[in-house]
Amino acid sequence: MKTRLFGILLVTAVLFSCKNETKTDVTNTTVKPEVTEVKNPLIYPEEIHFKNLRQVTFGGDNAEAYWSFDDSKLVFQSNYKKWNVGCDQMFLMDANQTFDSIAPPMVSTGMGRTTCSYFMPDNKHIIYASTHLANKDCPDTPLRKNGKYIWPVYDTFDIFIADLEGNIVKQLTNEVGYDAEPTVSPKGDKIVFTSTRSGDLELYTMNLDGSDVKQITDELGYDGGAFFSPDGTKIIFRSSRPKTEQEIKDYKDLLAEGLVEPTDMELYICNADGSDLRQLTDLGNANWSPFFHPSGKKVLFSSNFEAERGFPFNLYLIDIDGKNLERVTHGETFDAFPVFSNDGKKLAFSSNRNNGGGRDTNLFIAEWVD
């Protein structure tokens, strides 16, 4: 799932199988920016794309903050125990709010585990995936198997539409298996999501009412975390693509147990109907949580391809033709889940910065400078 489980353990353990060499040297792809004095203590000196940076949450694991179509609100997921949740639930905020002493309103049921909320075009409803129909309790969350870091892919996830008071108004999926990771096209006409209904983790599109479901990927591997381009014509996503017999066996064996290993993923791009599919990155390690730049000509994503120990994860920009790779953040732990506002002026993302060396992953909003 599009999850912040990466951030939970990054500061305390080596989670990822690392490669001795990476296939691209980021320092050779862009001109290194001059280091200038930055007054905002949350911004590292090299982070020239951030004019300002504001911390939104101050505890727990908070991630996947997505803007309403009018940029006035965001919806995000959190497991912050002080907000009376046992695992990820969905919360609503105004774009200018900060939660250092108060809790935001919950807009999911409070039952089961939820993931991947997103605003609908009317700004009055959200979609998200939840396991609450199967069990009101939080499901177990295995993080390691045979010494390897894993993600659970719950077959009880289905996708729902809710209003901003938390009332579910429609169930969009009702298939056996995993249905999750929905996002909405900026054109306001389609949803893309990940499902195991074919026996593998593939991408599908559907109308906003759940009709006209179409499968758009069909290669073995975990295709997920998909987003439309600003004009709705393209889709960017992450994928693990096992190649060798052993890799294929390991992938299928884990998937049969409802698990995936997300430590070796690259970015892929295609047209909104799945045509013209091509691999965008070939960096090694984990490249994930991609989101289109407002121009539609670049993609911002998180990666640990430069890491020697599996972390840090930082944000990078890359052209949609795979050229001009540029490092955007310069942290030593975890930066991920970048999401531009619809007007292109702000960027929401999750980070371990300013957490006192602990495990908390918090939300931040930056004023973006090209």
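Everything numeric here is computed off the predicted structure, so don't read it as measured data.

J.: Help me understand the overall build of the protein in this model?
T.: Helices and strands together make up the secondary structure of the protein, namely 2 helices and 27 strands. Across the protein, contacts joining residues at least 24 apart in sequence account for 53% of those joining residues at least 6 apart.

J.: What is the right way to look at the sheet that holds strand β15 (residues 214-215) in this model?
T.: Backbone hydrogen bonds hold the strands of a sheet together, and the pairing may be parallel or antiparallel. The sheet built from 4 strands is open, its strands ordered β12-β13-β14-β15 with antiparallel pairing. Since the sheet does not close on itself, it has two edges, and those belong to β12 (179-184) and β15, each with one partner.

J.: Would you mind going over the state of the cysteines with me for this structure?
T.: Disulfides are covalent bonds that connect the sulfur atoms of two cysteines. Per the counting criterion, the structure on display carries 1 disulfide. Put simply, C87 and C138 are joined by a disulfide, and their sulfur atoms are 2.2 Å apart. Looking along the S-S bond of the C87-C138 disulfide, the torsion reads about -90°, which is the left-handed sense. Residue C87 is found in the loop between β3 (73-78) and β4 (89-94), and its partner C138 is found in the loop between β6 (125-130) and β7 (144-145); the two are separated by 51 residues along the sequence.

J.: Explanation requested: the environment of W67 in the structure shown.
T.: As for its position among the elements, W67 is in strand β2 (residues 62-67). For W67, a relative accessible area of 5% translates into the label buried. In this view, W67 contacts K73, L74, A95, F119, V339, F340, S341, N342, K346, A348 and I365; residues no more than four positions away in its chain are not counted. Reaching out from W67, the side chain makes a polar contact with the backbone oxygen of V339 at a distance of 3.1 Å.

J.: Please clarify how helix α2 (residues 245-256) should be interpreted in this entry.
T.: For the α-helix, the turn length of 3.6 residues means that residues three or four positions removed from each other point alike. For α2, with 12 residues, the first-to-last C-alpha span of 16 Å sits near the 16 Å given by 1.5 Å per residue. Buried residues in α2 make contact with β7, β16 (222-228), β17 (234-240) and β18 (259-260). Phi for G258, located one or two positions after α2, is positive at around 75°.

J.: What should I look at first to understand unusual backbone geometry in this one?
T.: Most peptide bonds adopt trans geometry, and most residues besides glycine take a negative phi value. Omega for the peptide link from F311 to P312 comes to 15°, which places this bond in the cis form. Mapped onto the elements, P312 comes out in the loop between β22 (298-303) and β23 (314-319). One non-glycine residue, D276, lies in the positive phi region at around 55°. On the basis of relative accessible area, D276 is assigned to the exposed category, the value being 53%. Here F337, not a glycine, exhibits a phi torsion of approximately 55°, which is positive. Within the fold, F337 resides in strand β25 (residues 335-340).

J.: Sorry, what's going on with the sheet that holds β4 here?
T.: With antiparallel pairing, the 3 strands of this open sheet are ordered in space as β2-β3-β4. Each having just a single partner strand, β2 and β4 make up the two edges of the open sheet. Taking each pair of neighbouring strands and ignoring which way they run, the sheet shows an average axis angle of 25°. Relative to β3, β2 runs antiparallel, the two being bridged by 4 bridges. The residue of β3 that forms the bridge with W67 is L74.

Reading guide: rules and limits
Residues numbered from 1 in each chain as written. Predicted model: local features only at pLDDT ≥ 70, side-chain atom pairs only at ≥ 80, totals over all residues. Heavy atoms only, no water. Helix = DSSP H or I, 4+ residues; strand = E, 2+ residues; numbered from the N terminus. Contact = heavy atoms within 4.5 Å. Pairing = 2+ DSSP bridges. Disulfide = S-S within 2.5 Å. Buried < 20%, exposed > 50% of the residue type's maximum accessible area, 1.4 Å probe, protein only. Polar contact = N/O pair within 3.5 Å; in protein donor to acceptor, adjacent residues only side chain to side chain. Expected span 1.5 Å × (residues − 1). Axes fitted to C-alpha atoms, helices over the stretch in contact; angles between N-to-C directions.

Nothing here speaks to function; it is geometry throughout.
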